[in-house]
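Architecture at a glance
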Amino acid sequence: MRRDLERRRFLQSCFLLLGGAICGAAEVTIEDAAVASSFIEKIGYSKAARVLEIQLRSRARYRYRGVPEAVWVELMRAESKGRYFSKNIREKYPCERVAVP
């Protein structure tokens, strides 16, 4: 079951990143981690795919495409992750809502 979830995530990421074109064989895994924030519950990032996933405290989860690694690093270092997210990520990168695993 977990393997199916990882495969589905991989295929969704490929479809989004490549505009629906056929993607390569390497799988993309996004590991997320809980963060100290009153707004954000978890953050995950794939360097290979440049995909950022943010899960809010409301349990809504969003996937942002084309996010540079430097932006993710700055987000993780930010004193206020919610403020950084709102100013530098939300509405700046293509986004889709995804199911919470």
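The rules behind these values
- Residues numbered from 1 in each chain as written.
- Predicted model: local features only at pLDDT ≥ 70, side-chain atom pairs only at ≥ 80, totals over all residues.
- Heavy atoms only, no water.
- Core = buried A, V, L, I, M, F, W, Y, C linked by side-chain atoms within 4.5 Å.
- Buried < 20%, exposed > 50% of the residue type's maximum accessible area, 1.4 Å probe, protein only.
- Helix = DSSP H or I, 4+ residues; strand = E, 2+ residues; numbered from the N terminus.
- Contact = heavy atoms within 4.5 Å.
- Arc of directions from axis to C-beta.
- Pairing = 2+ DSSP bridges.
- Axes fitted to C-alpha atoms, helices over the stretch in contact; angles between N-to-C directions.
- Phe/Tyr/Trp six-rings, centres within 6.5 Å; stacked < 30°, edge-to-face > 60°.

**Details of the nonpolar core**
Judged by nonpolar contacts, the single largest core of 15 residues is most densely connected at Leu 52, Ile 54, Leu 75 and Ile 89. Counting only elements with at least two residues in this core, the list comes to strand 2 (40-46), strand 3 (51-56), helix 2 (69-77) and helix 3 (81-88). In this structure Ile 89 touches Leu 52, Tyr 64, Val 71, Leu 75 and Tyr 84, once residues within four positions along its chain are discounted.

**Here we look at helix 3**
For helix 3, the complete set of buried residues consists of Lys 81, Gly 82, Tyr 84 and Phe 85. Relative to the axis of helix 3, the buried residues are bounded by an arc of 165° and lie together on one face. Turned more than 90 degrees off the buried face of helix 3, the exposed positions are Arg 83 and Lys 87.

**Re the sheet that holds strand 3**
Each strand in a sheet pairs with its neighbour through backbone hydrogen bonds, running either in the same direction (parallel) or in the opposite one (antiparallel). Strand order in the open sheet made by the five strands is 1-2-3-4-5, with antiparallel pairing throughout. The open sheet has two free edges, formed respectively by strand 1 (32-34) and strand 5 (95-98), since each of these has just one partner strand. The average angle at which neighbouring strand axes cross in this sheet is 20°, direction not considered. Bridge analysis of strand 4 (residues 61-65) against strand 5 gives four bridges, and the strand direction is antiparallel. In the sheet register, Tyr 62 faces strand 5, and the bridge partner there is Arg 97. Docked against the sheet, helix 2 engages strand 2 and strand 3, running at close to 150° with respect to strand 2. Against the sheet, helix 3 contacts strand 2, strand 3 and strand 4, and its axis sits at roughly 55° relative to strand 2.

**Things to note about the packing of aromatic side chains**
In the structure shown here, the tally under the stated rule is three aromatic pairs. A ring pair is formed by Phe 39 and Phe 85, whose centres lie 6.2 Å apart and whose planes are at 40°; its orientation type is tilted. On the criterion of sequence distance, the pair formed by Phe 39 in the loop between strand 1 and strand 2 and Phe 85 in helix 3 is long-range, its members being 46 residues apart. Clustering of aromatic rings is evident, with ring pairs tying together Phe 39, Tyr 64 and Phe 85.

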